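Examination of the molecular architecture
The primary structure of each chain is shown beneath.
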Amino acid sequence: MDFELTQEQRALQDSILEFARRELNDDVVERDKSGAFSREGWKKCADMGLLGLPVPEEYGGAGADALTTMVALEALGRGCTDNGLIFSVNAQMWACETPIVRFGTEEQKQRWLPGLCDGSVIAAHGMSEPGSGSDAFSLSTTARRDGGAYVLHGSKTFVTNAPESDLFLVFGTIDKELGFAGVTAFLVEQGTPGLTVGKPLSKMGLRTSPMGELFFEGCEVPAENLLGKPGQGMLVFDTSMSWERSSILASTVGTMERQLERALAYAKERRQFGQPIGSFQAVSHRLVDMRLRLVTARLLLYRLGWLIDRGEPTTLESALVKLYLSECYVRSSLDALQVHGGYGYMTEYELERDVRDAIGSRLYSGTSELQYEVAAKNMGL
């Protein structure tokens, strides 16, 4: 097996790393405090081609394969300290763009994908409801056919990008008695009568990624705005989640490398009891653990990208990657803070923010507990 990236992938990685370090790290501490989303940073990411990585070229994207996309996102995570911005980018790519690419009509693709790629359109994915989280298909949102439209009633919560979005991919059931077979996907435009976007939600971490609620009260959605066919919502959702679980944490591999580089440098220069703290076993072993997580996480991620590009089934591997990378991300963020001691606890050192941001990775795109269940089921248990 060849573990070497191509020359083109290396060049892409280097260019994104340089871009992220130069363009995306202004005022992150202050924006985290206020929960401010960076429209400027979003547009810069679009201009760099990041928002269109998985989208075919004919719709304004880069048409990149899975491994190349993962490599690009890894570089973004290493160079950009605004984890919230990265999260919003990922949320749009995997939960909104890829479903449109896979299930959209030609008209839908032509209408929405170019704007999603160039940053002029922001999209959000609405599945979670106040009464349904991991049990994604226990939906209360209904969609009733009325002539040439569907009328939506219900609400969605924990919707990433909602306060800033122009387009919403939402799920409702056309018949509760059908269970998951009644779930249907809709593309709903901002400003549609009957749609209300709630005020931004305040979060522990990823505060620069906007999150909100959606309320549907007699919201009429034209039948041509169905994504896929009636009752095909489960397939739409599962497809987007497969991509999301595979790739949404690719950037955290780069973040873990940045954390390790910083912790190593600090351990060599910080002196206690007359010697660098890195000479103490309690510190050096912690750094070795960070290195071990980084290497194994990268190998697992790259192998998954390789399998996707070969067209192999990856439900099990996607769940394992989501589970393993999220746990590694949390532990390495805590270790980086611990190595820095009291300074790591200070806001200005930006390490405590990594911890707050990392904890969410155990929850979004399916909790760690759910990934265990998905993996076990695909192992025949």
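Before going into details, it helps to say that this report is about the structure given with it. (Residues numbered from 1 in each chain as written. Predicted model: local features only at pLDDT ≥ 70, side-chain atom pairs only at ≥ 80, totals over all residues. Heavy atoms only, no water.)

A few words now on the side chain of S240. Within the secondary structure, S240 is located in helix 7 (residues 233-247). There is a polar contact of 2.8 Å between the side chain of S240 and the backbone oxygen of F237. (Helix = DSSP H or I, 4+ residues; strand = E, 2+ residues; numbered from the N terminus. Polar contact = N/O pair within 3.5 Å; in protein donor to acceptor, adjacent residues only side chain to side chain.)

The next subject is the pairing of strand 2 (residues 142-146). Bridge count between strand 2 and strand 3 (residues 149-160): 5 bridges; the pairing is antiparallel. Following the sheet pairing, D146 is matched in strand 3 by A149. (Pairing = 2+ DSSP bridges.)

Under the criterion given, the structure shown has 2 cavities of 30 Å³ or more. In this structure, the largest cavity occupies an estimated 110 Å³ of space. Taken together, N83, I86, F87, N90, L206, I248, S251, T252, T255, Y329, D357 and Y364 form the lining of the largest cavity. It is helix 5 (residues 83-103) that contributes the most residues to the lining of the largest cavity, 4 residues altogether. Of the residues in the lining of the largest cavity, the class split is 6 nonpolar, 5 polar and 1 charged. Here the second largest cavity is characterised by a volume of approximately 30 Å³. Every residue lining the second largest cavity is listed: V28, D32, T81, D82, N83, G84, L206, R207, T208, R353 and D357. (1 Å grid on protein atoms, 1.4 Å probe; cavity = no way out; pocket = protein on both sides within 12 Å on 5 of 7 lines; lining within 4 Å. Points joined across faces, edges and corners; volume = space filled by probe spheres on them. Nonpolar A, V, L, I, M, F, W, Y, C, P; charged D, E, K, R; others polar.)

Let us look at unusual backbone geometry. Even without a glycine there, the phi angle at F273 is positive, about 55°. Checked against the element boundaries, F273 lands in the loop between strand 9 (271-272) and strand 10 (275-276). Overall, the relative accessible area of 78% leaves F273 in the exposed class. In this model, S365 sits at a positive phi of 60°, which is unusual for a non-glycine residue. By relative accessible area, which is 10% here, S365 ends up buried. (Buried < 20%, exposed > 50% of the residue type's maximum accessible area, 1.4 Å probe, protein only.)

For the structure on display, the rule yields 7 aromatic pairs. An angle of 45° between the planes, with centres 4.5 Å apart, marks the rings of F87 and Y364 as tilted. With F87 in helix 5 and Y364 in the loop between helix 12 (351-359) and helix 13 (368-378), the pair connects residues that are 277 residues apart, well separated along the chain. For the pair F87 and Y364, a shared accessibility class is recorded, and that class is buried. Ring centres of Y343 and Y349 lie 5.4 Å apart, and the angle between their planes is 40°; on these two criteria the pair is classed as tilted. In this structure Y343 comes out as partly exposed when scored by relative accessible area, which is 38%. Taking relative accessible area as the criterion, Y349 reaches 26% and is therefore assigned partly exposed. (Phe/Tyr/Trp six-rings, centres within 6.5 Å; stacked < 30°, edge-to-face > 60°.)

In this model, helix 1 (residues 7-23) (17 residues) spans 24 Å end to end at C-alpha, consistent with the 24 Å of a helix rising 1.5 Å per residue. Q9, Q13, I16, L17, F19 and A20 are the residues of helix 1 that are buried. One face of helix 1 carries all of its buried residues, which in axial projection span an arc of 170°. Opposite the buried face of helix 1, at more than 90 degrees from it, the exposed residues are Q7, E8, D14 and E18. The elements touched by buried residues of helix 1 are helix 3 (39-47), helix 4 (66-79) and helix 9 (281-309). (Expected span 1.5 Å × (residues − 1). Arc of directions from axis to C-beta. Contact = heavy atoms within 4.5 Å.)

Turning to the packing of helix 9 against helix 10 (residues 315-339), a few remarks are in order. With their axes 9 Å apart at the nearest point, helix 9 and helix 10 run at an angle of 155° to one another. One element, helix 9, and the other, helix 10, form an angle in the roughly antiparallel class. Read as a crossing pair, helix 9 and helix 10 show a hand that is left-handed. For the contact of helix 9 with helix 10, the class distribution of residues is 15 nonpolar, 4 polar and 7 charged. (Axes fitted to C-alpha atoms, helices over the stretch in contact; angles between N-to-C directions. Parallel < 35°, antiparallel > 145°, perpendicular 65-115°, else oblique. Left-handed = near helix turned anticlockwise from the far one by under 90°.)

With that out of the way, let us pick up the nonpolar core. The biggest cluster of nonpolar side chains holds 59 residues, and the ones touching the most others in it are L24, L76, L287 and L301. A per-element tally of this core places helix 9 first, with 9 residues. Non-local contacts of L287, meaning those with residues more than four positions away in its chain, are made with L260, A263, L264, A267 and V339. One finds Y59, C96, V121 and A123 within the second-largest nonpolar core, a separate group that totals 23 residues. (Core = buried A, V, L, I, M, F, W, Y, C linked by side-chain atoms within 4.5 Å.)

Let's shift gears to the pattern of salt bridges. Taken as a whole and judged by the stated rule, the model has 23 salt bridges. Here R111 ties to E189 by a salt bridge, and the two come within 2.7 Å at their closest N and O atoms. Taken together, the residues span a long stretch of sequence, with R111 in helix 6 (residues 106-118) and E189 in strand 5 (residues 183-189) at a distance of 78 residues. Look at R111 and you get partly exposed, because its relative accessible area is 46%. Residues D335 and R293 are paired through a salt bridge, measuring 3.0 Å at the closest nitrogen-oxygen approach. Pair noted here: D335 is in helix 10 and R293 is in helix 9, with a separation of 42 residues, a long-range link. Given a relative accessible area of 14%, R293 falls into the buried group. Among the charged side chains, a salt-bridge network with shared partners connects E18, R22, E23, E40 and K44. (Salt bridge = Lys/Arg side-chain N within 4 Å of Asp/Glu carboxyl O.)

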